[in-house]
Structure formats: C-alpha cells, structure tokens
Amino acid sequence: MKSSRRNTRLESSSLVAVAGLIVLAIVLISLGAHWWLARPGTNPHVADQPATGIMTGAFMDFGDTEDDVTLEKIETFEQLTGKHHAIIASSSYWGEQTFPAANVALIARHGSIPLVFWSPWDRPYKEGHGPDKFSLTSIIGGIHDEYIDRWGDSAKAFGKTMVVSFGNEMNGSWFPWSGVFYGGDKTAPGGGFQGPETFKAAWRHVVDRVRARGATNVKWVLHVMDFSMPNDKWNLAAKYYPGADYVDWLGFSLYGAQFPSDESYPDFFSCFDWPYTELTQIDPVKPIMLCEWGVGEFPEKGNKGDWIRAAFQTMSDTAKYPRLKAAVFWHERWQNSANEVDESSKENAGKYSDLRVNSSPDSLHAYREGVAMPLFLGRPPRDP
Amino acid sequence: MPHKRVSSFVFLDPAGHRWPLFRRVVFWSAVLLGVAGVLFLAAVWIRPTLRLPAMVRELKGHLKAEALSAPTPDTKAVNWQRFYEQSRAVREGVTKIRSQLDSQASGKVRLGFYVDWDANAMASLREHSAELTHLAPEWLTLSGVHSNLTVEADAPLANYCAAHGLKTIPLLRNLVGDQWQPEAVETLARASAERQGKFASDLAVTLGNLHAAGVLIDFNELDPALASKFTAFFHTLADSLHAAKLELWLAVSMDDEFKTYEIDALAPFVDRFVALLFDEHTEGDLPGPVASQEWCEGWLSVIEEHGEPGQWIAALGAHSYDWNTTTRELDTISFRDAMTRASYAGVDTEGGFSVEAPTYNGRFEYSDDRGSHEVWFLDAISFFDQLRTVRQSNLGGVAVNRLGTEDPAIWTVLLRTKPADDEFIAQLAPLKADQTVTHVGRGEIVSVDLSHDDGVRKLMREESGMLRGEYLDAPTYPALYHQGAADKSKVGLTFDDGPDPVWTPRVLDILKERGVKATFFVVGRNAEAHPELLRRLIAEGHEIGNHSYTHGNLAGMPEWRQRLELGATERLIEAETGRRTTLFRPPYNADATPSDVAELSPLEFAQREMGYTVVLEKIDPQDWSRPGPEVILQRVKEQRRGGSIILLHDAGGDRSQTLQALPLILDWLAERGDSVVPMSELLNISHEEIMPLTQRDAQSGWRVVAATGFRSWRWFVETLWTFMLVATALVVVRSLLLAWLAWRQQRACRRRPAIAMENWPAVSVLIAAYNEGKIVAKTLRAALDSDYSGTLEVIIVDDGSTDGTAAECRTVAANDARLHVFSQPNSGKSAALRLALTEARSEIVVFLDADTLFERATIRKLVEELADPEMGAVAGNARVGNRHNFVTRCQSLEYICGFNLDRRAYTAWNCVTVVPGAISAFRRSALDEAGGFSHDTLAEDTDITLMLHKLRWRVGYAPDAVAWTEAPETWRALAKQRVRWAFGTMQCLWKHRDLTFNSEHPALGYFALPSAWFFHLILVAIVPLADAILLWSLVIGYASALWPYFATFLLLDLLLAALACGLDHVPLRRAWLIVPMRFAYRWLLAWVVWQSILRAVRGALVGWGKLERSGNVTESGSTESAALPK
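1. Details of the overall build of chain A
Along chain A, the regular secondary structure elements total nine helices and eleven strands. Across the 384 residues in chain A, those meeting the buried criterion constitute 43%. Sequence separation of 24 or more characterises 78% of the internal contacts of chain A that already satisfy a separation of 6 or more.

2. Re the pairing of strand β1 (residues 54-60) of chain A
Residues and elements named next belong to chain A. The buried fraction of β1 amounts to seven of the seven residues, a majority that puts the element mostly inside the structure. Neither face of β1 is left uncovered, since the one carrying Ile 54, Thr 56, Ala 58 and Met 60 and the one carrying Met 55, Gly 57 and Phe 59 both have all their residues buried. For β1 and strand β11 (residues 376-377), the ladder comprises two bridges, and the chain directions are parallel. Across the sheet, the residue bridging to Met 55 is Leu 377, located in β11. Where β1 meets strand β2 (residues 87-93), three bridges bridge the pair, whose relative direction is parallel. Across the sheet, the residue bridging to Phe 59 is Ala 89, located in β2.

3. Thoughts on the interface of chain A and chain B
Opposite the 19 residues of chain A that make contact, chain B presents 16 residues. Contributions of two or more residues to the side of chain A that touches chain B are made by α2 (71-81), α3 (101-109), β10 (352-354) and α9 (361-371) of chain A. Top contributing element to the side of chain A that touches chain B by residue count: α3 of chain A, with four residues. The class makeup of the residues in the side of chain A that touches chain B is ten nonpolar, five polar and four charged.

4. Section: helix α20 (residues 559-577) of chain B
Residue and element names in this part refer to chain B. In a regular helix each residue adds 1.5 Å, so 19 residues correspond to 27 Å; α20 covers 27 Å between its end C-alpha atoms and thus fits that length. Summarising burial for α20: 14 of the 19 residues are buried, a large majority. Positive backbone phi, at 70 degrees, marks Gly 578, one or two positions downstream of α20.

5. Regarding the sheet that holds strand β10 (residues 214-218) of chain B
All names here are of chain B. Read from one edge of the open sheet, eleven strands run β5-β4-β7-β10-β11-β12-β13-β19-β2-β3-β6, paired in mixed fashion. Whereas interior strands pair on both sides, the edge strands pair on one side only; in this sheet they are β5 (148-151) and β6 (167-168). Here strand β2 (residues 109-114) runs beside strand β3 (residues 134-137); their pairing, made up of four bridges, is parallel. Counterpart to Gly 112 in the pairing with β3 is Leu 135. Contacting β5 and β10, helix α9 (residues 193-209) runs over the sheet at an angle of about 0 degrees to β5.

6. A few points about the environment of Glu 374 of chain B
Residues and elements named next belong to chain B. Here Glu 374 shows up in strand β18 (residues 371-377). According to the C-beta neighbour criterion, Glu 374 is buried, with 21 such atoms within 10 Å. For Glu 374 and Pro 968, which are 594 residues apart along the polypeptide, the C-alpha to C-alpha distance reads 93 Å. Those residues within four positions of Glu 374 in sequence are excluded, and the remaining contacts are Pro 287, Trp 323, Thr 325 and Glu 365.

7. Brief notes about the sheet that holds strand β38 (residues 871-880) of chain B
Residues and elements named next belong to chain B. With respect to topology, eight strands assemble into an open sheet ordered β35-β34-β33-β36-β39-β38-β40-β37, the strand pairing being mixed. Lying at the two open borders of the sheet, with one neighbouring strand each, are β35 (819-824) and β37 (853-854). Most of the contacts of helix α28 (residues 805-815) go to β35, to which it runs at about 160 degrees, and overall it touches β33 (763-769), β34 (792-799) and β35.

8. Side note on α2 of chain A
Because each turn of an α-helix spans 3.6 residues, side chains separated by three or four positions in sequence point in the same direction. Residue and element names in this part refer to chain A. All of the buried residues along α2 are Ile 74, Phe 77 and Thr 81. Along the long axis of α2, the arc covered by the buried residues comes to 70 degrees, so they all point the same way. Tucked into the core, α2 has its buried residues touching β1, β2, β8 (324-331) and α9. One or two residues past the end of α2 sits Gly 82, with phi positive at roughly 70 degrees.

9. Comments concerning the pairing of strand β36 (residues 844-849) of chain B
Residues and elements named next belong to chain B. Burial of β36 is extensive: six of the six residues sit out of reach of the surface. Burial along β36 is two-sided: Ile 844, Val 846 and Leu 848 facing one way and Val 845, Phe 847 and Asp 849 facing the other are all buried. Where β33 and β36 come together, six bridges link them in parallel fashion. Looking at the pairing, Leu 766 lines up with Phe 847 of β36. With five bridges connecting them, β36 and strand β39 (residues 919-923) associate as antiparallel partners. By the bridge assignment, Ile 844 is partnered in β39 with Arg 923.

10. What to know about the packing of helix α5 (residues 145-158) of chain A against helix α6 (residues 194-212) of chain A
All names here are of chain A. Two elements in contact, α5 and α6, have axes separated by 8 Å at closest approach and are oriented at 50 degrees. Comparing their axes, α6 and α5 come out oblique. For α5 against α6, the interelement crossing comes out right-handed. Counting all contacts with α5, which are made through Asp 145, Ile 148, Asp 149, Trp 151, Gly 152 and Ala 155, the residues of α6 involved are Val 206, Arg 209 and Val 210. For the contact of α5 with α6, the class distribution of residues is five nonpolar, one polar and three charged.

11. Describing the confidence of the model for chain A
Looking at chain A, pLDDT values average 88 and 86% of them are 70 or higher. Confidence drops under a pLDDT of 50 for residues 1-12 of chain A, and excluding neighbours within four residues, the segment shows zero contacts in the predicted structure.

12. A closer look at the packing of helix α8 (residues 182-190) of chain B against helix α10 (residues 227-243) of chain B
Residues and elements named next belong to chain B. One way to put it is that α8 packs onto α10 with a least axis distance of 9 Å and a crossing angle of 75 degrees. Our classification of the angle between α8 and α10 gives roughly perpendicular. On the side of α8, the interface is formed by Leu 188, Ala 189 and Arg 190, while α10 contributes Lys 229, Phe 230 and Phe 233. Grouping the amino acids of the contact of α8 with α10 by side-chain chemistry returns four nonpolar, no polar and two charged.

Reading the values: rules and limits
- Residues numbered from 1 in each chain as written.
- Chains lettered and ligands numbered in written order.
- Predicted model: local features only at pLDDT ≥ 70, side-chain atom pairs only at ≥ 80, totals over all residues.
- Helix = DSSP H or I, 4+ residues; strand = E, 2+ residues; numbered from the N terminus.
- Buried ≥ 20, exposed ≤ 12 C-beta atoms within 10 Å, placed from the backbone.
- Contact = placed C-beta atoms within 7 Å.
- Pairing = 2+ DSSP bridges.
- Nonpolar A, V, L, I, M, F, W, Y, C, P; charged D, E, K, R; others polar.
- Expected span 1.5 Å × (residues − 1).
- Axes fitted to C-alpha atoms, helices over the stretch in contact; angles between N-to-C directions.
- Arc of directions from axis to C-beta.
- Parallel < 35°, antiparallel > 145°, perpendicular 65-115°, else oblique.
- Left-handed = near helix turned anticlockwise from the far one by under 90°.
- pLDDT = per-residue confidence, 0-100.

Right, here's the structure in full:
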C-alpha cells in the first residue's frame, strides 16, 4: 500500500513536471519567436502599408531646404491639427552629400515613418533649370556611387522602415531630373523614349546600389506629378515605371491653386481621380501614396476649407480608391521671389503662397475634422 | 558631633579632591573642544588649490583678432532704388492727400524701443528718460489663426513712464517665440467689418487700461497681396483708436516688405510711420552692415515720397550683430558687448578698426573656440551720420532701437542739433568703461572677469560734414564668457539644493534606470545630514557641484562668510567622496544672463579665490513652484532651444511633481535627439578634471581635520536623535504601564472587602515640631479626633522651638490624656523623632508632620493596610492643603499625579520607593529590624523604605489615608525643598545601588529604581537642552521634525494627569495645569537636579554643614525624594 501510494504521488508529480515543462517550452518558444520577428531588419518585406485605413502624413514647413526637422516643429503641427501623423516628409538634397540620419531617427523615435525626398540637384536648389552636376547621366555613369553607397550604408544603419522618393515629379518640367531635360520623346538606343528611359536607368542604378548595401528597410516610392507636363504620351507616369522589382509604392503630388497668378481654383476630385486611376493601371497591386497634397489660401478664387473637406471626402471613398494607403499634406508658406522676370509669374512677385494648414480658421478646422476620422491613421501599422 | 554625622554622609569627599579634579576635567574638555573648533574652521577656511584648465577658467586667451577680410559688396545698399522709382511714379500720378491730424504738427518725437528681459534697457531708460518723449515696450501680441490679442504689460514700467512724462506707445507684434505668425494678421484683415470693429474696440480698451498714448504696430511676413485689405483694416483700427484719443503708429521695414503697406492710402489716418532704418543685414543673411549710410540715405529718399515728412519717425539702429561664419549663427549684441569682444581679442592693438566710408558702420573680425566671427556694430559715429541725414529730411522724429544696446554717447549726439565742431568731437572720443556687464560666447558655464578699462577712439570730420572714427583702444567692460553650448544636441541636467533623503534617491533611481548622468549642486548642510547620498551620487557616475553650505544669498554676504560657505561644502564633499569638485552654482540668480555687477561678485569670488567654474542655467521650468508635471515639461520644451542646461530641484519641499516630470522630460529629450550629459561633457573635458580624486598634498592634514569635524558633529547629532527617540519610547511605555497598574490597583482595592478587625492594634502617632506654634494645636486636634477604634496615643517632641510651640501642645494635652508632650534642645528632626520613638509603646507607629492635618479616617485606613503581617510600612496620601497660589497649585497637581499615581501603581508590584515622612505607618518590629532611621542621607524616609525592601518587608500604600500638608508657597522655598529632596534621592539611589538591576528584587531593581534614575534625574536634567533644541528648531525651520516628540510628551502628561485626578476624585479640569507646568515648573526642577549633581560632585564639608543646618531649622514637610515628576 505504502509503496503504491508513493507511486501515485510520483506519477502525479511527474505529470505536473511534464506539464510545467511543456508550458515553459511554449513560453520560451513564443518569446523566442517574438524576439526573432521583432528584430529590426530581418524581414525584407515589412508591411509598411496598413490593411485598412490611410496613413496620415505631412511635410511640416521644415525650411528652405526642407530638412530642418525638429521635434518642436512636429509637435507644434500635431498640436495644431490635433493628430499624430503616421508619415513625416522631409528632403535630402544631393548637394548636401549627406544622409539625413538625425531627421529620420527623430521621426522614427516620434513613432512615424520618414518619407524622404531624395533629390539629385545642387545648390542653390532653384527650380526651372536643367541638369547640374548631379545629372541622371552622371548617376548612371557611376560618378556618385561613393555618395550613394554611403547613403545606403547610413540607411541600413538607421534600420527602420523609411520611404524614399527619388527624383520626384520627374514628369514635370521644373526639376532638373525631369524627362524633358534628357531627350524627352527622342527614341532611346534600347527602344522607348529617351527622357523616361534615362530616368529609369538612373532609378535602377540608385536602387540597386542602395539594396546592395543591405538597406532593405528602404521602401521606394515612384513619385510623379498628378498631371504630366508636357502632358504627352511619352511623358506619362507609366513611361517612368522602372518595374515591379524596383518599386514598393506608387505615389503622386496633387496641388490645387498655389500661386496668386493661378487663374482658377481646381477642385480636388478632378486632380485626384485621374492620376489615381493612371497609377493603378501601371501595377495591379502596389499601394498608392498621395506623396504631397495641398492648396493655397486665395479666398477670392476658391474656398480652401471647402477644398480640404472635399479632399477628405474623396479620399474616404475606400470602395472607389481601395489602394490609397497614405496621404501626405504639404504644410508650407513661402514668399515668391521679388525678382520674377517671367511675364506669366510677375504677378506673384513678393507675394506669398500660403499652403499652411492654418492659413485661415476654416482651413484649419477642415483639416482637423478630416484627420480626426478613424480612417485616417495617426500611427503606422506595427511591424509583425 | 556635627563633624561625625557629616563624615558618614553619602557623597562626602573628605579629602576634597573630587571638585578640583572635576573642574580640571571640565576646563580641559572645553579647551580641547575650542581648539578642535578652531582647527575645523581653519580647515574649512583654507582655499582649495584646485583649478580647471585655464581654457575653461579664464576669459583671456579665448578670443583672437583676425585680419579684416575683404568686405563683400553691399548689394542691399541699393535695394531702395526699385521702390524709389515706383514711388516717384505713384507720386506723379496721384494727388497726395495730406493728413490734417494735430499730432503731426506737434513737436519732434524721440522714441525708445524697450524690452523687459534686459536689465540694461531699464538702466538706460532711467538715465535717459529726459531725452525721450515716447517709449515702445513689447507688451502686445497678436497670435494664432484666431488672432488672439495677448497683453503682457509691466505695471512698474507704466508707472515709471507716467511719473517721468513719457508717453507709452506699446508695440503690437505678430511674433511668438521666434516665429512670426502672419495668419494672425491676415485672418483679421480678411475678416468681416464686424469682427474687425470688435478687435479695434478691444484694442482701444486695452490701450486705455494701459494708459498708453496709442499703439505701434510692427507686423512681419505679411502677404503684400493683401495690401488693400490691410489698408481697410487699419482704417477701422484708426477710427476706433482716434475716437478714444489714441494714436495709430505703424512700423515699416525697409526691405521688400515695404510693399506690404499702401503708405499713401494709409497716410490720411495713420498718425505716424516708423521707418525701421536698420537690419539691412540680419538673420538669414551673410554678414554685412547693420545699416550702411548709403542704404539709410536711399530709404530716406524713398519715404520722403510718401505721406508727410513730419509723419515719419526714423528708427535708427543702436544694436550690433556678431556673425559666427563657421556655425552660421547670429547673435544680437550691444555696443558694449562688441567693445568687450574687440578688447579681449586684441583687435584694437592689432591694427585697430574703424567706422568709415562707404558704410560708416563699425566692423571687425575675431575667432574663438567656436569659429570665426564677424562683428558689425553701430555706435555714436554711425548714429551721428544717420541722424544728420534724418534731420536734413525734416522728419517728425527719431527712435532708438533699442535701449540698453546703445553706445552711451548717442545721447550726446541726440541732443546736438548743430554741426559737429572740434569740441563736440572731443566729447565723443573717450570710451568710458562703466559697470555694465557684457557677454561673450554661448552657453551657461561662465567665467567672470570684472576688470574694466577705459578706451579711446579718434573722430574725424569730413568735408561733407560726416564723421568717421578710428578705435585706438577698445574699452573693456565687466564680462561673462559663456561656454558649454558647442554641441546643440547636448543638454545638461542639474539638480539643486539636495541631497534630500526622500527625493534624491528617487531621482537617482530614475536616472539609473535610464543610464543618464546628471549634475547635482548640493547644499552643504543637506549633504552633511546625508553623506551616504553624496557617495551614491559619485558611485553612480554623477557630478557634484558646490551650492554653498546654507543656501543663503551669497551676494549679500561678506567675503569671509562666502569663503566659509564654499569651503565647508567643499571639505564635506572631499571627506565623503574622496573627490573634489570644480563646479559652483550660486544660490538664487542662476539665470545665465546676470546684468548686475553686484550679482556677479560671488561668482567672481568663487572663481578667483576658490578656483571654481560657475555653472548657470537657461532652462528653468520653476519646478519648485509645483505647476504640475505637464507644465514643467512644457516649459522645458519652450526653453530648450534657448539653453543647454536644465535646472530642477531634488530638495526643498514636496518634489513629487519634479519626479513625475523627470521621465517625461527625459523621454522628450531622447525623442528630440538630445543626449543628456554631465558638465564635463558640455565643456569637453574629462570627468576626472571636473571631479578629481583627492591626493596626498599639503592639504591632506586639513582634509582629515575637516572630515573628523564633520563626522564628530554628525555623531553628536545622531546620538541626540537616538536619545530623543529612546526617551520618547520609554516615556510612552512607562506612562502606559503606570496608568494600567494604577487603574488595576484601584480596582483591586475597591473589590477588597473592608477589614473587620476584631482587635484593632494599639497605635502611636509620632510628631516632631519646631516653631509650629500657629498650626500645631490644629494638627494635634485633627490626629486625636480620629475615628480609630483601637488604643491611640500621640507623642509630640518639641525640638527647642522659640515660638511657644510647647505651650500650645501642653494646652491640648491638658484636655486629652492620650497626648504626651516631650521637649528637647534643638537638635534636628531625626533626633526628635528618635526620642519620640523611644517613648512610643505600640507595635504600630504613625509618623506625622507638625503642619499636616489628618482626616478622621486616616489612621484607620493606614492600619487596615498593616493587617497583612508581611506589610512593614504603609504610605498615606499626602495632599497639598494650601492651594492658593500658582506654586502650591502646581505642587498639588504634582502630588496627585506624580507622587500618588506612581505610588498607587508601584504598590501593585510592591516596589514603592518612599514612604513619606509627612504621613506613614510602620510596624515597629520592621523599623527596628532596619535599624531605625539613619542619618547619612537627607532622605531618611527613602532610605528606610529601601532598607525594608531589602529585608523583604512589603511596603504598601493607603490612598484613602489622606493627610493635608502645607507646601512651600514661594519659588525660592520650593527650590530649597526640592534641592534637598533631589540630593537625598541621589544619595539613597547611590547608597542602595546594589538594588538597581538586582534580580532578587525584580520590580524594584528593573522598574522602580531605574525609573528614578532615568525619569527623575537624567531626563529632568535634560529638559532645558530639549527645550533649547525645540526653540532653535523654530528659528532654523526644522520644527516639523521635532514637534511630534514634544506633542507626544505633552499629550501623555495630560492624559496621566487626567487619570490621576480621576483616581483621586479631584476635578478633572485641574489637569490642564500640567501644560503651563511643563514650561515653567520643569525648568525649576531641572535647575534643582543640576544643583544637586554639582553638590554631589563637590562633596565638600561646607556644603554639608550649611545644608544640614538649614534642613534642621526650616524643615516643614516630608522628603518626597523619589517622586520628582517625569
């Protein structure tokens, strides 16, 4: 009897021990798995796009070179708009020959995804002229490989998700990397139009090098202007598409009236619907980002508050625009040059373009109401 | 005979060695203590030899003159031309509407721009208010897209202006921090007429409340596209202001923003235009003249084309700019700041610098640790040249931008209306260095150089009438050299006023968890109380700075006191941490821009005499005022860009908000990308240089002395605290025990049935009388009137009285055979009692004082207790019969709650220590066994009681055996009585010291006798010391720590008194008397105890003789030796 009782006790205690071991193993395995998955940079396909909802982003008036990112500016803007922003946009100009390490780190610490406009141009960063020493051809020719590699190394060191817009609005005519400056509709040696083909070659060159440095945390957004300028067949967004392997996001800029000289106040829908559709046709699955959107305060031309309200209403139509996953507001006020020589823009001389969200009480109110909608996400989706 | 008796006295020192020995010991102890004190002071006084590298410590040598580079062409000088041509065109096509307002016709305006954050502005105003007609302070702000009007007025300034006939014309700006907010104005300009009207009337009301003469609008970054809207808005504003007799002035920038306003359309209703003739080159520009002559002249010619000339006021610059061409930072500086830079860099000695054509602005270059600098300055020469042009244009007045930054000589220029002659030029040449404090560099770690030195410049008159000048010797002003802001992402976290046992550890826990190193500026006094915290600070890698010893305002102290304050704290840090510190922060006035030389003197002293580096701060969220953790964080956010050292506090009150804010601040700084570093990293030197280990050197000895001093003092304080704690605990325990025992005894007595004795034993009542003629008959009658049913005899011995006591006795005896009267020559109370005892025939003897009245039941109650055959003696309940003044009332209460309560309680454990002579009953056999009364102590009743205990007799107490005794009625008599009691008690305690802690008599040995030692002698002796500490604590503010102890004592006293009164059936309200007794009566008792101790030590014959004799002669009552109150 005694021994059998002892056996029973033994059995029950070993049962408990086995169960305990199993529980411990489960806990350890899940902890380990969590640690494994949570390691930065292990998963090359981090889901930086939300399953539902649109990530809310903004460029927050970061100064003339668009890179004076400070926590104070971010907090002031978010306090003004009453919303944490999931994406914060800023620029990295090639003329500086740096990687914006402090900026992206700050934005990541703030809990947002940095969107970086990586623009290949040189000081004094004036629009409306042709290629400078950072021309697309010089990039393709490998002249700036050292900088690109260095930039890629820094991006890898940063380690967190960042979205990069290289050579944005290339289908326009104001930036020196635009197709118009590279032969435009001329036939390229390997077929296709020379302007877009040059751009694509440069894009692939840059992306290949950055990826070769191991910076898989960089997501690439092909960032066009809503309507091509010139709006010719050779200059359409699709012509600039370097291929599904080279692009993570498709994006575009959308602006209503920006200058005092603008004659009309185009509505948001007509600026949005066509470019969106155009992009969806380039690739069947890539998420779409509205990389820049904004409008000036010209009450006599149109009502900015209404324009913003319409913008949010349009973007909220998820049935119609299911692939829109991010929208980045352009919050900036600038004074147009006093020495305008171009006759068409002389009227702008010395006057301001106020694209700030708080250019008027109604504008601010409209934006606050819009981003307050749950559809507009204040935080990026968590990494798996 | 007396000699023989005296020689057997306890404490007698026949050889007389003890007293001199005692005096020698006391004397030498005092000398030793004095020497130690002096040595300690000396150790603290010695100045530490430590210094930081001269790089950090001294201003000299940082700045170097640089050769003047070729000036970049002044392209802005001709900017005005575009506007001039346009203006001319306008003028030719439009008929000008001339304003008819009176204000334009009135005299010339002289306006001063004013800021409230620069003390130099006030200093300048005080000196030159007579030269001004108007003052423009920065009082009003228009901000946010909702166009909020904020008023930050300065009432003292308004009063000052009113008193000095100055009109105030406050600035209304759209500036928040360093951000212009155009939307605040544009929204308003676009708003409805109603909204504008509302704003206009609000502004008029606000200005009226401020007693202002009008408003000076200074808006920036406005969109010229809205120019006509601004015109309409200003019209509305002007209408409203004019209706309230207020003026509308408008500041106009001399640049592209000139286009913002339609001056000609505004001219009819804007009272004044203020042309801002400065900032040709400013923030965002490359270095260039602040206001070149050509530029000023050009713009003056532009404004002449608009409005009335008399409508314009020319605001001339009086400030300067320092461009750091390496870091591209721009500092706005004063003329004096510029001169200090030139002087320290030696620009004047290396070729000099000048104000001359074409710009007629001053310029020089220098370099320092932070890069190359280009300074452009405006002075009296440029002011003269510009003013000359202004006067040629016949404008309506001049403004100075701004007060406090100007070359003091501009005031001479301003008063001058004639062209410059030689005499006038000579007047401007000397550069007098006054006491104004100047600043160089950036950062909050400063070196002070108070030296100042006059300079000189050479002025020359050109043919055109213009002046130019050459600086031969730049003046040097008292200067602060700022360092520690080299890396904008580094920020120092400092905590002042600790260490504090509650808050500092919590702060340290947070810092430790986050791996943050901070700097603690400790107050010596606090560090002294918590040296373990100093050691923890060092162990966890933080830096420590000196924050004085007492946190007094050093600026108000003489230098010797400052030296002690700093020296003591320094020595303490050395002693506890083995490290020294080179950092110092003055208590109060720690903001980084002190402007008063008086404020600087402690800083300079600490640096010059003690070798300290001074650490100030610019981020002060005022956590001490407890605004809430969120507000503390918000203030840090707002100030972070302007400074690199944060000030928080880890002591000085409830710091829970600081504690809550700290993680928020650290999170925010981390998110911002800042690294929080100790001072050494801000200065870019090693931690070891800031806080070097102490080393063997000439000062090692002094360090040991200082350390020993601090430790001894701490040991003393800690001992004192321990004693306080232990004493309190013992008092509480004893009080509760007494209360419980007394209450239990009372219950036991009540339950005991009255003794029905078959045969009441015979009783002899013994009385000794000396000069008691007045009362003795009463005493005898009361004793004889007893209800005692056994045989009673009363024996009275007259001890040679001289007042007819014997006769009184015999009169009573004649009527009562139970009374037997004896007489003896005067030979003392005990001799008298001894005689009485030989005559007594009963087994029970009752002792009674001649002035004490028995109640009828007294004898019966006493004898009842003696029914127990083991009972050797019984004490009666002596009560004060003469309660008619404060002294006797106090004694009455003392008898009730001190003596009687104790005795009641002691009975429970059979450890009554004294059966009082005034009323007591003895078993004759016990008395005889104890050998009768002895004479070697002054307290023979205590002596005999303790003897009975030794012989294993029980000693009882009969609370109902009441006798009314007569207490001393004056303080003097009371003191005399009590000295005798206290001395007698000490003698008995000493004589029977074998009973103390004697396990054969546990209750007596471990409770009653130690109680007597501790509560009745030691504690009573210490009362004055405890009271003194309490008073001192009131003075220095530590009362909160001590009050609980005193309150406990007092409350216990009160409760016990109430209980005793209750048990003795005395009105409870009498217990209140214990409160005044605590403060008056106790001091007397303390004096008594000390007196007794001294007598015991002295042990001399002379003391005995006198004491013995007085005891014999005036003895009037019992010796209540062991019952001194607690």
